[in-house]
Every structure is written in C-alpha cells, then in structure tokens.
Amino acid sequence: MGFGCLNNIKLFKGSIAVVGLTLISSLCLAHEGGNHPKLPKPNSEISQNKKNKNPKSQKPKDQEKKDEDNSRSVLTGSQTTEIPSKGSDNSVSNTIPSIIIPAGSSEVSRTQTNIGDFVSGSSSSTNSVASNLDPISPPPGEPEEALEKSKKALTDLVERANKNVETSVASNPEELKNGDYNANDGITSLSSITYHTNNEALCLKSRGNGKADGAACEEWLDKDISDHGTLGDSSPLERGIYQLWEGAKNKISETAYRIWDIALKAKETLLDRHGRLNTNGLAKFELNDQAREVASELGSKSAEQALKNALGKDAPKDGEIVAPPPEVLRAIAVNISRAIVNQATSKWSEIQTAKEGVEVINSVERNNKKYRSDVENEENNHSLQEGRLLNQAPLDTETEGLTLEERTARAEALKNVGTDMVNPRFDGDTIVPGNPNKERIDEWAYRATVEQMANPFITSNEIQRPDQIQLSERQISAQLASGEESDNSSEQKVSIKNMTPKEQIEIYNRQLEIAAKNMEAIAAESSSFVNTAGKIRANKLKEGESILTINDLTPIQKKELNQKGTSLAQNPNTKVEIPRTASQLTITRY
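Values in this document were obtained by computation on a predicted structure and should not be read as measured data.

(A) Focus on empty space enclosed by the protein. Considering all chains together, one arrives at 3 cavities of 30 Å³ or more under this definition. Its volume calculated, the largest cavity comes out at about 90 Å³. Lining the largest cavity are Glu 200, Ala 201, Asp 222, Lys 223, Asp 224, Trp 260, Arg 276, Leu 277, Thr 279 and Phe 285. A breakdown of the residues in the lining of the largest cavity according to their chemical character gives 4 nonpolar, 1 polar and 5 charged.

Given below as structure tokens:
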C-alpha cells in the first residue's frame, strides 16, 4: 500500500492528532499504509469555545484524567506526493514524489466530522457535532468484570485498526516476508489505493527491433506512473492515474507536462538526452487539478473503508454521525504517519540509486538483488553486455566504467545514508554531500517530508532546498475552515485560510492557554472547583515532538488497554524517533 496524494489526511477532529498533507510534485499515495488515498481538499475546523463563566459542578477526577488524555490532538504533518502503488512489494515507496507540505488543524473542543471527512479533509463545520470521546464506558454488570470486558472490546478495536488492510504497517521483520506488506517500506500492500511505480522512467515502445530498448526509445513511461495501470488486477488508483496520463499525451508545454503542472529551471530543457522528462531541470512539479481530484476521491473512499474495517459491526451506517473511540482514531492516525515517513524515506533512497554512478532501477517489486538478477537474465537471454535492463536508458558516462556488482553494492550502501544528507554522491568509494542546487525537486520533496514529520514546528520554507525550486502556497500550507462563535449569536462564523503545520500548532497551544486561564479564573471564584490549568497546559505540543509522537496513543490510553495476549506494546517514551535511512525501516518500531 502506499501513501499518495492526500492533500490532507484529516482524522476526526478533537480526538486525534491529524496529519495534514499537501502534495506537490507528483501523485500521492493516498493510503494510510498503502497508496490509495485521494487528493482531498485540505479543510479543517478550528473552533474557539466561549468562556464558561458559570460552572455548576466539579468534574470527577477520573473524568479529568480522560479529558487530559483526549485533549492532546493536533492535525499537523507533511507529506510528499506520489502515486500509490498496487498491492505488492512496496506500494508507498513506489509513488510519485511530491513536495511534502504539512497541513491540518486541531481544535480543543471535542467534536467530530462526517466519516467522509476522515481522511479527505473536506469537512464543513455544519456537519460537526459534539461528542463524548471518553476512552472506556463500562457496560452494565459487575464493576471489575464489566471493566475488563470494556477493555477487551476496545483493545480488539485497536488491534483491528493496527491490522487494517487499508492502512497498516508491518510491526516486525517477519511480517515483511509475506505479500501483505511491501518489502521496501513495510506498508500494507492490500490497500484499495496501493500504488507501484519505478524510481526512473521505463521504455514502453522502441523505434528499432521491437524490443523495449531505452537506447532507441520512442515512448517512455514516466517514473511516477504505475505500469500496473493496464493490468486487470491493478488498484483503482493505479488505473485512474494511468488513464489520465495516457489521455494527456498532447498536454505538453512550458507550464504543463501530461498530468503535472511544471516550471523549468533557467537554461534547462524539458527532456533529457534520452527523451525522458528531465526531473533534474524542474523548478516546479506537482499534479494538476484533474489528477488531484481523481486521487482525492479515491483517497476519501479508502479512508472511509479504513474506519469501517476497524469498527466492524459497530461502523456507522451511511448518513450516521458517530464518534469512534479516540484510541481507534489514533491507531489509524499513527499508522498513516508511519506509512508517510516510511514511504518518503524509502522513495528518497530509491532516487539515490537512479543517479549517475549507480543507476540501479528499484521498485516495489525489484530491490537491488532482484535488479541484478533481472539484468543478468536479460544478458543471458539476449546476449547483452550492457549491464542494464532492456527498457532502461543507456548508462551514463560515470556509470559505464562500473561493473553490475559494483553498482548494486553502491545501491545497497545508499540504504544506510540518512535523509539529512543533501544530494548524496560517491567520491571514490565514499558517500559525500553533493551540490544542494543540483538536488532534484522530487528528491527534495521526500527529504523535506521526513524533516517536516520529524519537526512539525518548522515550515517547509525553512528546509534547505535548491535555489530555483518554486513552491506554491498549497505546497507549504493547507486550506482550512476556521470557525469562531460570536458572543452575540449562536451562529458560528467560518472563514477559509491557508495555514502551515507550525501555525496550526501555535493556534492549538494558544487555545489550550486560553482554556487554562479560564480554568484559573473559574477556580478562583469557586473553592469547590478543581483547578486543572496545569494539566491543560501539560497538553501543549512542544519542540522536539514528532508527528509520530503527537499522533500515537497516549500513555494513559495504552495503559487502559488490555495488553494480555495482544500485539499491542506500550511505548513509555515521549519522543519517538523518525527513521532516517532505508535500512532502518524494517527494524524501527514506534
């Protein structure tokens, strides 16, 4: 499964930290664990509650504890755009790269939106309703027995959310050995929006002997387009994007290339010397509105299905507005976050192997070892001695002098290089940083995605990038619906504005501070009212917290779950490290 083109992944407001994404240079894998999310229009609500001047009762301490646990919710994040891959080896990692831009929002009040807005981010404030999101509500019966049943039921829901075919991520290396997860990034391969593609263009049609030989290629399949799009078992996303791409052969100009809006760097050409799209020369590279719409709609459907899968028989019927347990929403949210990070890191690493001095084409189904085997088989079958695949472009000068073994060894070494190294290259046998201004826009997008997920307190503009790269507003922020209640009317005023993840966090923290001060004022007037201002402030998001930490189940929620006989593991750490290298993806657990 792959994460793809979600403009905003938006979970129910008020119970989970939502991850907002905007796609930039290419298609997105819109899937939580796969590649099927649609490209929704980023929309969220931020509501400001009126001051409660006349409290009539004191909250029980156990309720305070639950409120504290549920209040920590922010919708921040960033993502790269790619096309989701089909259920096979590595859907998320094989997607169209795009500039990752965080976008989203949060609100202190616990409200919820329609299920259809779960991931699409196209909610309207008129559809939200107040809801009680208390983690556990014991059914009638003996206290201890009832509580255990409630914990067991909730734990089962979280387990289902973690194993969701639409959004799950492998939890251990053993799970990567079957076809349910992509080998490269550990994301589910069974998602309805899974998307698979190669890290470089492949030759579809040759001018000469009829073989797809890149040396005389007449038509290339662009690297962000899945060749599964023509197959009967392809995912809806793979088919939809391929059909758009196939029908856009004549949409090529200085500002458009098939399904992308583009801009060229100064003195660069649209095509490279092999006739492929010159990604090194692009200053702008993002899906056009039509492609975004296709991905967005498929993403919304995938998100709805993910929630239905997790809730099972308790899933709301069409038209119903039901608040799922916050633990379930967080389980889905953190899996989406993991998949985005895994996908971005994996794709960034794959891009490095396609550069001069390596030029090993990887995909969800072809790792370095498989690439070598495929090349050797073609050489044996066709008496070729060029050390490359038939449908691959001729090797560049820097690569021609290397053997196939040396190239695949270099590709393997790149798996241990972190995304914090800008434009890595080989200097002899040593990997060193390259020229920042020669970094490809899709390469930058994936690197920036990881940086933004690791530190949502920065904006994408603050992440080093090539001088000529052009970022649109929708690539660095998300369009959000901001609502504020009027003192003179019960109606809520709604305005639309663009906000970065950093701005969303600042608003979230500011709302908590307002709530804390109100609590202090109330406690000062009523000696019987418990002052919980300190607990409210403790929920503020702080520098150093990653999206994974923000979106994960809280320690209190984990403690309340029934851990016996399940795969749920408590993580007492307040800071969850973001994997920086491709080699970490199969061993790092959050």
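Having seen it, we continue.
(B) Broad picture of the environment of Ala 448. With respect to the element layout, Ala 448 can be found in helix 10 (residues 441-454). The exposure class assigned to Ala 448 is buried, which follows from its relative accessible area of 0%. For the pair Ala 448 and Arg 465, spaced 17 residues apart in sequence, the C-alpha separation works out to 8.6 Å.

(C) Seen up close, the packing of aromatic side chains. Counted according to the given criterion, the structure contains 3 aromatic pairs. Relative to Trp 260, the ring of Tyr 257 has its centre 6.2 Å away and its plane inclined at 20°; by these criteria the two rings are stacked. We note that Tyr 257, like Trp 260, is buried. The ring centre of Trp 220 lies 5.7 Å from the NZ or CZ of Arg 276, which sits over that ring. Residue placement shows Arg 410 over the ring face of Phe 426; its charged tip is 4.2 Å from the ring centre.

(D) Main features of the state of the cysteines. Within the structure shown, the criterion is met by 1 disulfide. There is a disulfide in this structure between Cys 203 and Cys 217, and the S-S distance comes to 2.3 Å. An S-S torsion of about 105° defines the bridge between Cys 203 and Cys 217 as right-handed. Note that Cys 203 is positioned in strand 8 (residues 202-206) and Cys 217 in strand 9 (residues 217-221), a separation of 14 residues in sequence.

(E) Just the pairing of strand 12 (residues 282-287), in detail. Among the 6 residues in strand 12, 5 count as buried, and that is most of the element. The pairing of strand 11 (residues 260-264) with strand 12 spans 5 bridges and is antiparallel. Pairing of Asp 261 across the sheet is with Glu 286, part of strand 12.

(F) Structural detail: the sheet that holds strand 10 (residues 256-257). Reading across the sheet, the 3 strands line up as 10-11-12 and stay open at both edges, with antiparallel pairing between neighbours. Lying at the two open borders of the sheet, with one neighbouring strand each, are strand 10 and strand 12. Bridge count for strand 10 against strand 11 is 2 bridges, and the pairing is antiparallel. Pairing of Ala 256 across the sheet is with Asp 261, part of strand 11.

(G) Main features of the packing of helix 5 (residues 289-311) against helix 6 (residues 326-353). At a minimum axis distance of 11 Å, the contact between helix 5 and helix 6 shows a crossing angle of 130°. Of the possible angle classes, the one that applies to helix 5 and helix 6 is oblique. In the crossing of helix 5 with helix 6, the sense of the turn from one axis to the other is right-handed. The residues of helix 6 that touch helix 5, namely those facing Ala 306, Leu 307, Ala 310 and Leu 311, are Val 328, Leu 329 and Ile 332. For the contact of helix 5 with helix 6, the residue count by class is 7 nonpolar, no polar and no charged.

Scoring rules and cut-offs
- Counting restarts for each chain, with residues numbered from 1 along the sequence as it is written.
- Confidence filtering applies because this is a predicted model: local features only for residues at pLDDT of at least 70, side-chain atom pairs given and counted only at 80 or more, and all residues used for totals across whole chains, interfaces and linings.
- To obtain the side-chain values, all non-hydrogen atoms of the structure were used and water was disregarded.
- Think of a 1 Å grid over just the protein atoms. A cavity is a set of points where a 1.4 Å probe fits yet cannot get out, a pocket is an open set with protein on both sides within 12 Å along at least five of seven lines, and lining residues have an atom within 4 Å of a point.
- Grid points are joined across faces, edges and corners, and a volume is the space filled by probe spheres set on the points.
- Following the grouping adopted for this structure description, the nonpolar residues are Ala, Val, Leu, Ile, Met, Phe, Trp, Tyr, Cys and Pro, the charged ones are Asp, Glu, Lys and Arg, and the polar ones are all others, Gly among them.
- Here a helix means four or more residues in a row that DSSP labels H or I, a strand means two or more in a row labelled E, and each is numbered from the N terminus.
- We call a residue buried when its accessible area falls under 20% of the maximum for its residue type, exposed when it is over 50%, and partly exposed in between, using a 1.4 Å probe and counting protein chains only.
- Centres within 6.5 Å make a pair out of two Phe, Tyr or Trp rings, where for Trp the six-membered ring is used; the pair is then stacked when the planes are under 30 degrees apart, edge-to-face when over 60, and tilted otherwise.
- Throughout this description, the term charge over a ring refers to an Arg CZ or Lys NZ atom that lies within 6 Å of the ring centre and within 35 degrees of the ring normal.
- Note on disulfides: each one is a pair of cysteine sulfur atoms within 2.5 Å.
- In short, DSSP must find at least two bridges between two strands for them to pair.
- Axes, fitted as lines to C-alpha atoms, cover a helix only where it is in contact. Angles between the N-to-C directions of the axes lie from 0 to 180 degrees.
- Between 65 and 115 degrees an angle is taken as roughly perpendicular, under 35 as roughly parallel, over 145 as roughly antiparallel, and anywhere else as oblique.
- Each crossing is labelled by how the near helix is turned from the far one, with a counterclockwise turn of less than a right angle marking it left-handed and a clockwise turn marking it right-handed.
- Any pair of residues with heavy atoms lying within 4.5 Å of one another is described as a contacting pair.

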